[in-house]
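What the coordinates show
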Amino acid sequence: MNNRDASTDATTATATPGLIISKTETLQSFLSTSINNPHLSPDLRQIASSLSLRPSSVPYKSLRSIWLASDPSTRPALSAVVTGSHFILNSPQPREKSEELKARLRKYEEAAERKAYKELVKDITPRRDESEPFSSYKDQLGFGLHVALTMFTGYLVGYYTFRALFGHSPVMHAAGGILGFVVGMLVETVLFMIRTTSQDRKQTTFTASKLKKNQ
């Protein structure tokens, strides 16, 4: 291999060091001698100078390029140059997480925190069906049908009551039905207020007992 090829190989090796070996006194002596070696190109002598200044390690490819370009009759054996050296393995760089992965991890962490918070306060947080009387469609539909049935029953009671009292007067019959309708609506309103007040008291007592228990 000529000096030009060795210089090219050394330049490539410096750019991509590859295998790294530790520096010994024998290796340092070889590099120091190579700085003034006339068989080496200026580039290789410069590389040898740079490597000799390194405190503890050198790239194997650069060292080998310098050794190959040296005079075969005077250079030491390559095995003798690297005797006592050992490989230096660099720790791989941690893989950088993508922004998409970071956002997904933040989403999972927030969901886990919300779940943990709900578990923490489940004993003192009132359930929806306890704090809201008609929190489901089934409850709302049942209440609506009950109100309609009560008012319809009130209308029929009033209608037939006035019919029995006032004979064949259609106007009075209708008035009695309307009166029964209104009475039924008022009764249902009063019952709704009583149920709501009772549930509020029950919920207040439940929450107070839970808070006292957790103290």
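What you see as residue numbers is a count from 1 along each chain, following the sequence as written. For a predicted model such as this one, the threshold for reporting local features is a pLDDT of at least 70, and the threshold for listing and counting side-chain atom pairs is 80 or more; totals across whole chains, interfaces and linings nevertheless cover every residue. The side-chain values count all of the structure's non-hydrogen atoms but skip hydrogen atoms and water molecules.

**Points about the pattern of salt bridges**
Defined as follows: Put simply, a salt bridge is a Lys or Arg side-chain nitrogen that is within 4 Å of an Asp or Glu carboxyl oxygen. A run of DSSP states H or I qualifies as a helix once it reaches four residues; a run of E qualifies as a strand once it reaches two. Both are numbered from the N-terminal end. Using a 1.4 Å probe on the protein chains alone, a residue whose accessible area is under 20% of its type maximum counts as buried, one over 50% counts as exposed, and one in between counts as partly exposed.
Inspection of every chain in the model, using the stated rule, returns two salt bridges. With its nearest N and O atoms 4.0 Å apart, the salt bridge here joins lysine 102 to glutamate 99. Of this pair, lysine 102 and glutamate 99 both sit in helix α6 (residues 99–121), three residues apart, which is roughly one turn of that helix. Here arginine 104 and glutamate 100 are joined by a salt bridge, their closest N and O atoms 3.2 Å apart. In this pair, arginine 104 and glutamate 100 are both assigned in helix α6, four residues apart and thus about one turn of the helix distant. Residue arginine 104 is classed as partly exposed on the basis of its relative accessible area, which comes to 40%. Given the relative accessible area of 57%, glutamate 100 is considered exposed.

**Focus: the packing of helix α3 (residues 42–52) against helix α4 (residues 60–69)**
To keep things clear, this is the line we draw: Geometry is summarised by axes, namely lines fitted to C-alpha atoms with helices restricted to the contacting stretch, and by angles between N-to-C directions that run from 0 to 180 degrees. The scheme is simple: roughly parallel for angles under 35 degrees, roughly antiparallel for over 145, roughly perpendicular for 65 to 115, oblique for anything else. Left-handed describes a crossing in which the near helix is turned anticlockwise from the far one by less than a right angle; the clockwise case is right-handed. Note on definitions: a residue-residue contact is assigned when non-hydrogen atoms from the two residues lie within 4.5 Å. Gly counts as polar in this scheme, as do all residues outside two lists: the nonpolar Ala, Val, Leu, Ile, Met, Phe, Trp, Tyr, Cys and Pro, and the charged Asp, Glu, Lys and Arg.
Where α3 meets α4, the closest approach of the two axes is 10 Å, and the angle between their N-to-C directions is 135°. What the angle tells us is that α3 and α4 run oblique. The two elements α3 and α4 meet at a crossing, and its hand is left-handed. Contact residues: Leu44, Ile47, Ala48 and Leu51 in α3; Ser62, Leu63, Ser65, Ile66 and Ala69 in α4. Here the residues of the contact of α3 with α4 sort into seven nonpolar, two polar and no charged.

**A few points about the environment of threonine 189**
Worth spelling out the cut-off: Here a polar contact is taken to be a pair of N or O atoms separated by no more than 3.5 Å, where protein atoms must pair a possible hydrogen donor with a possible acceptor and residues adjacent in sequence count only if both atoms sit in side chains.
Here threonine 189 is to be found in helix α9 (residues 170–214). Sequence-wise, threonine 189 and valine 147 are 42 residues apart; in three dimensions their C-alpha atoms are separated by 8.9 Å. From its side chain, threonine 189 meets the backbone oxygen of methionine 185 in a polar contact 2.9 Å long.

**Section: the confidence of the model for the chain**
Here is the rule we go by: The score called pLDDT rates the predictor's confidence residue by residue, from a low of 0 to a high of 100.
Confidence along the chain averages 76 in pLDDT terms, with 74% of residues attaining 70 or more. Below pLDDT 50 for its whole length, residues 1–7 participates in 14 contacts with residues either more than four positions away or in separate chains. Considering only residues more than four positions removed or in separate chains, one finds that residues 9–15, a stretch of pLDDT under 50, has eleven contacts.

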